[in-house]
Amino acid sequence: MLILFFCSVSAQKVLPFDSLKLSEVRDMFADDYGSIYLYKNKDFSFTKYDSLGKQLGKMMFTVPFKVQGVQNPLSVALFSENAQEMKFVDQNLNEIQKLDFKQKFGFVKHAYAEDLQQVWVLDESTKRMLQYNFRNDTTINSFPYTVNVDDLIDLLVYESKVYILSKDAFRVFNLKFEKLFEAPVVNAKRFRRENENIMVITNTAVFTYVQDKELSKLFEDPATQIVDKNSLAYFEVKGNKLYLYTLENLRKLKPEKTLEQLEKEKIELQKEIERLEKEKSEKGDIIKIIDEISRVESLGI
């Protein structure tokens, strides 16, 4: 059983990003090489920095784009519903490929790049989810969907399951769009996948999906503005500072109890209650006998 950790503690390290007006940042990403990516809504800018705050690359957009993730910093995917296109950029944020969905589909509500040759698109005009190979311009699969995607924030497809995130709900479907799981969330922002682990990033917390059971909290700081994680640490923007929490330091905190531990404690508690009730019953019987003896003696029998 996976033991999960969460924290709301003082930061382990403050990163040198004080002069970047972090209060204007809409979203933040951290790759496994220590680079930090900041997306600002104010000017639709996407900027990459090294761990010392030195700028490594910058993109400026005329319309909003959503960054899918930076786990592969050599090919970062960005989607724009407004522009109806997806861009792929390299480690210096130079555009290496652009997909123009207007030339191929009706109206794409959202797109998810599965790898370097395939994307999943939600075509709202036909109410179908399509697996599209953009390398050879072919549609591999097509699945009708009946779920409401008006408030969709993020989409992820993995192992024949469709993960849909709205601002206040996390849902899992099979490819027939039969619901397999649902859980409420607060101020959800996007997905993050680490191998088979599906995570939900909100404004102030990081959750992991425990298959068909629950969303379990990994990290939380209610006082923060933005959180993210890479494979080694958690990051947060608070005030105008960027903080880092290493997994090693988090493991020193008291872990949450596993389901097995909680069940074991529940059984032990029940046994203790039964023991106390039995003792109470036995004591009650003795008291009744003493009272009866006293009554008989009082009658002179």
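For the structure itself, look to the data block above.
This write-up is about the structure you can find in this document. (Residues numbered from 1 in each chain as written. Predicted model: local features only at pLDDT ≥ 70, side-chain atom pairs only at ≥ 80, totals over all residues. Heavy atoms only, no water.)

1. Focus: the overall build of the chain
Moving on, step 1. Assigned secondary structure in the chain consists of 2 helices and 24 strands.
Moving on, step 2. The 301 residues of the chain split such that 44% are buried. (Helix = DSSP H or I, 4+ residues; strand = E, 2+ residues; numbered from the N terminus. Buried < 20%, exposed > 50% of the residue type's maximum accessible area, 1.4 Å probe, protein only.)

2. Structural notes on the nonpolar core
If you look at soluble globular proteins, the nonpolar side chains tend to sit buried side by side.
Moving on, step 1. Met129 and Phe170 are the most contacted members of the largest nonpolar core, which has 32 residues in total.
Moving on, step 2. When contributions to this core are tallied by element, the ones reaching two or more residues are strand E11 (118-123), strand E14 (152-158), strand E15 (161-166), strand E16 (169-174), strand E17 (179-184), strand E18 (188-194), strand E19 (197-202) and strand E20 (205-210).
Moving on, step 3. For Phe170, the residues in contact, after removing those within four places along its chain, are Tyr163, Ile164, Leu165, Phe181, Glu182, Ala183, Val185, Phe191, Val200, Tyr209 and Leu215.
Moving on, step 4. Listed in part, the 16 residues of the second largest apolar core include Leu20, Ala30, Ala233 and Phe235. (Core = buried A, V, L, I, M, F, W, Y, C linked by side-chain atoms within 4.5 Å. Contact = heavy atoms within 4.5 Å.)

3. Side note on the environment of Lys104
Moving on, step 1. Along the chain, Lys104 falls in the loop between strand E9 (95-100) and strand E10 (108-113).
Moving on, step 2. Accessibility expressed as a relative area gives 37% for Lys104, which makes it partly exposed.
Moving on, step 3. Along the primary structure Lys104 and Tyr132 are separated by 28 residues, whereas in three dimensions their C-alpha atoms are 10.0 Å apart.
Moving on, step 4. If we skip the residues at most four places from it in the chain, Lys104 touches Tyr132, Asp137 and Thr139.
Moving on, step 5. Looking at Lys104, its side chain comes within polar contact range of the side chain of Asp137, at 3.4 Å. (Polar contact = N/O pair within 3.5 Å; in protein donor to acceptor, adjacent residues only side chain to side chain.)

4. Here's the deal with empty space enclosed by the protein
Moving on, step 1. This model, assessed by the stated rule, comprises 2 cavities of 30 Å³ or more.
Moving on, step 2. In this structure, the largest cavity spans a volume of roughly 50 Å³.
Moving on, step 3. Listing elements by their share of the lining of the largest cavity, those giving two or more residues are strand E6 (66-67), strand E7 (76-80) and E10.
Moving on, step 4. Looking at which element gives the most residues to the lining of the largest cavity, the answer is E7, with 3 residues.
Moving on, step 5. Here the second largest cavity defines a volume of roughly 40 Å³.
Moving on, step 6. Contributing to the lining of the second largest cavity are Phe29, Gln68, Gly69, Val70, Gln71, Arg190, Phe191, Arg192 and Asp228.
Moving on, step 7. In terms of residue count, the dominant contributor to the lining of the second largest cavity is E18 (3 residues).
Moving on, step 8. Of the residues contributing to the lining of the second largest cavity, the split by class is 3 nonpolar, 3 polar and 3 charged. (1 Å grid on protein atoms, 1.4 Å probe; cavity = no way out; pocket = protein on both sides within 12 Å on 5 of 7 lines; lining within 4 Å. Points joined across faces, edges and corners; volume = space filled by probe spheres on them. Nonpolar A, V, L, I, M, F, W, Y, C, P; charged D, E, K, R; others polar.)

5. Section: the sheet that holds E9
Moving on, step 1. Read across the sheet, 4 strands follow the order E6-E7-E8-E9 without closing on themselves; strand pairing throughout is antiparallel. For this open sheet the edge positions go to E6 and E9, each flanked by a neighbour on one side alone.
Moving on, step 2. Relative to strand E8 (residues 85-89), E7 is paired through 5 bridges, and the arrangement is antiparallel. Residue pairing across strands places Ala77 opposite Phe88, the latter belonging to E8. (Pairing = 2+ DSSP bridges.)

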